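# Coordinate analysis (summary)
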Amino acid sequence: RQKMINLMYLVFIAMLALNMSKEVLSAFGLMNEKFQSVNAFSKDYNQSLYSQLQSKAGENAAQFGGPFQKAQQVKPVVDEFYKFVESVKAEVSGSFQVEEDGPNKGKLPYEAMDKSTIDEVWFSGDGYSKRGTEIVGAIEKFKADIKTAIGGDVKYQIILKDVMDKFSTADIVDGEGVKKKYLDYHYKGFPAIASVSKLSAMQNDIKKAEQDIYNLLIGNTMEEAISMKKYKAIVVFDKNVVFQGEPVTGKVVLGKYDDSTVPTAFNVNGASSSIENGQAIFKAVAGSVGEKDITGKFVFTEDGKPVPIEFEGQ
């Protein structure tokens, strides 16, 4: 009787352990869903940032052309590595069928993904297999390509350091003081659903890096555009001709001699004129004696629409 009680107790403990395991596996599955949802949003948001740069570069190449060129170099690097990680996720979960009906329709069977599916594929003895080496190589290539794309400008070093840290493949010392290889520490012996979740988290880091770069490109461009270094003090007289003893009045204003802010059109008294070194140049022929009006306008393109700025003087 006592042996039977002991056996039942062991069975009860085993059942508790099994249930806890299922809860943990389901938690990893829910984490994976959250990462996938954020990644889908990031994909759309990053595309909107890229489109903004593209649109601005089309409207004002002098100001936004350089940043957009960097974005054009970054985007294919990000897309290629993101797709590669997606293929690795499919490799990890490939032996599991997606639920076809029920409350978990369209989802992986999280509670069944309790065993590693890649130990014999990614590892060989204490080192990496050919596939494991390919995965580490893809991570290193991503870092190198990002570094090449954004260049060595000091403005980008914070982002570059973040990328290098987040995607480091260096050996890691575990809690017991044992040094392990990168893939060994993060994936060896882990349940398949845990590995899938970690790979989704890596995709999230990829999109975050892309977003940071685009935001910095836009931010630096705007910072440069409003920098006080671009401004000059300009004296504007209320009257350009005065008689002896008459008060001279006027104002001093701040204006930009900025060769990157180029209008799509500029005219004076109805005649087109030119832009040189950020300044609108006009010429007129003096006629009869007396005050003469000078009128005209600049036309800029913003968000695809013309924005006129009119002026007048004498």
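Note that the structure is predicted; figures quoted are calculated from it, not measured.

### Topic: the overall build of the protein chain
Across its full length, the protein chain holds seven helices and 12 strands. When the 314 residues of the protein chain are sorted by exposure, 29% land in the buried category. Within the protein chain, contacts between residues separated by at least 24 positions form 61% of all contacts whose residues are at least 6 apart in sequence. Roughly 20,000 Å² of accessible area belongs to the protein chain as shown, and the carbon and sulfur atoms make up 57% of that amount.

### Quick word on the side chain of D184
Summarising the element assignment, D184 is placed in helix 6 (residues 182–187). Filtering out sequence-adjacent residues up to four positions away, D184 remains in contact with F123 and Y128.

### Considerations on the packing of helix 4 (residues 130–150) against helix 5 (residues 157–166)
Between helix 4 and helix 5, whose axes approach to 10 Å, the crossing angle comes to 175°. Between helix 4 and helix 5, the angle falls in the class roughly antiparallel. Where helix 4 abuts helix 5, its residues F142, K143, I146, K147 and I150 lie against L160, V163 and M164.

### With respect to a negative patch on the surface
A contiguous patch of negative charge, built from E291, D293, E310 and E312, is present on the exposed surface. Tracing the chain through its elements places E310 in strand 12 (residues 305–313). Judged by its relative accessible area of 66%, E310 is exposed.

### Let's talk about the packing of aromatic side chains
Tallied over the entire structure, the rule returns 10 aromatic pairs. A ring pair is formed by F41 and Y45, whose centres lie 6.0 Å apart and whose planes are at 10°; its orientation type is stacked. Taken as a pair, F41 and Y45 lie in helix 1 (residues 2–59) at a separation of four residues, close to a single helical turn. A centroid spacing of 5.4 Å and a plane angle of 70° characterise the contact between W122 and Y187, whose relative ring orientation is edge-to-face. Of this pair, W122 sits in helix 3 (residues 119–122) while Y187 sits in helix 6, and the two are 65 residues apart along the sequence.

### Here we look at helix 4
The end-to-end C-alpha distance of helix 4, which contains 21 residues, comes to 30 Å, matching closely the 30 Å that a straight helix rising 1.5 Å per residue would cover. Looking only at helix 4, the buried set comprises R131, G132, I135, V136, A138, I139, F142, K143, I146, A149 and I150. When helix 4 is viewed along its axis, its buried side chains cluster within an angular range of 155° and face the same direction. Opposite the buried face of helix 4, at more than 90 degrees from it, the exposed residues are K130 and T148. Once helix 4 ends, the next one or two residues include G151, with phi positive near 80°.

### Looking at the pattern of salt bridges
Throughout the structure, instances matching the rule amount to 17 salt bridges. Put simply, K161 and D165 hold a salt bridge, and the shortest N to O gap is 2.9 Å. Of this pair, K161 and D165 both sit in helix 5, four residues apart, which is roughly one turn of that helix. The class of D165 is partly exposed, set by a relative accessible area of 47%. We note a salt bridge from K180 to D174, for which the minimum N-O separation is 3.5 Å. Accessibility expressed as a relative area gives 29% for K180, which makes it partly exposed. One continuous salt-bridge network, built from bridges that share partners, spans E80, K141 and D145.

### Quick look at a nonpolar patch on the surface
Nonpolar side chains collect at one region of the surface, where V235, F237, V242, V248 and V252 lie side by side and expose about 460 Å² of accessible area between them. With respect to the helices, strands and loops of the structure, V242 is situated in the loop between strand 5 (231–237) and strand 6 (250–256).

### Considering the environment of S274
The residue S274 is located in strand 9 (residues 274–276) in this model. Accessibility expressed as a relative area gives 32% for S274, which makes it partly exposed.

### Here we look at the nonpolar core
Within the largest apolar cluster, 50 residues are counted, with the highest numbers of intra-cluster contacts made by F81, W122, F142, I146, M202 and I206. Only helix 1, helix 2 (61–93), helix 4, helix 5, helix 6 and helix 7 (192–226) provide two or more residues apiece to this core. If we ignore the near neighbours within four places in the chain, the residues touching M202 are F81, V85, I139, F167, Y182 and Y187.

So, how was this worked out
Residues numbered from 1 in each chain as written. Predicted model: local features only at pLDDT ≥ 70, side-chain atom pairs only at ≥ 80, totals over all residues. Heavy atoms only, no water. Helix = DSSP H or I, 4+ residues; strand = E, 2+ residues; numbered from the N terminus. Buried < 20%, exposed > 50% of the residue type's maximum accessible area, 1.4 Å probe, protein only. Contact = heavy atoms within 4.5 Å. Areas by Shrake-Rupley, 256 points an atom, 1.4 Å probe, with all protein chains shown as cover. Axes fitted to C-alpha atoms, helices over the stretch in contact; angles between N-to-C directions. Parallel < 35°, antiparallel > 145°, perpendicular 65-115°, else oblique. Patch = residues over 30% accessible without salt bridge, like charges linked within 9 Å, V, L, I, M, F, W, Y side chains within 5 Å. Salt bridge = Lys/Arg side-chain N within 4 Å of Asp/Glu carboxyl O. Lys, Arg positive; Asp, Glu negative; His and termini not counted. Charge placed at Lys NZ, Arg CZ, Asp CG, Glu CD. Phe/Tyr/Trp six-rings, centres within 6.5 Å; stacked < 30°, edge-to-face > 60°. Expected span 1.5 Å × (residues − 1). Arc of directions from axis to C-beta. Core = buried A, V, L, I, M, F, W, Y, C linked by side-chain atoms within 4.5 Å.

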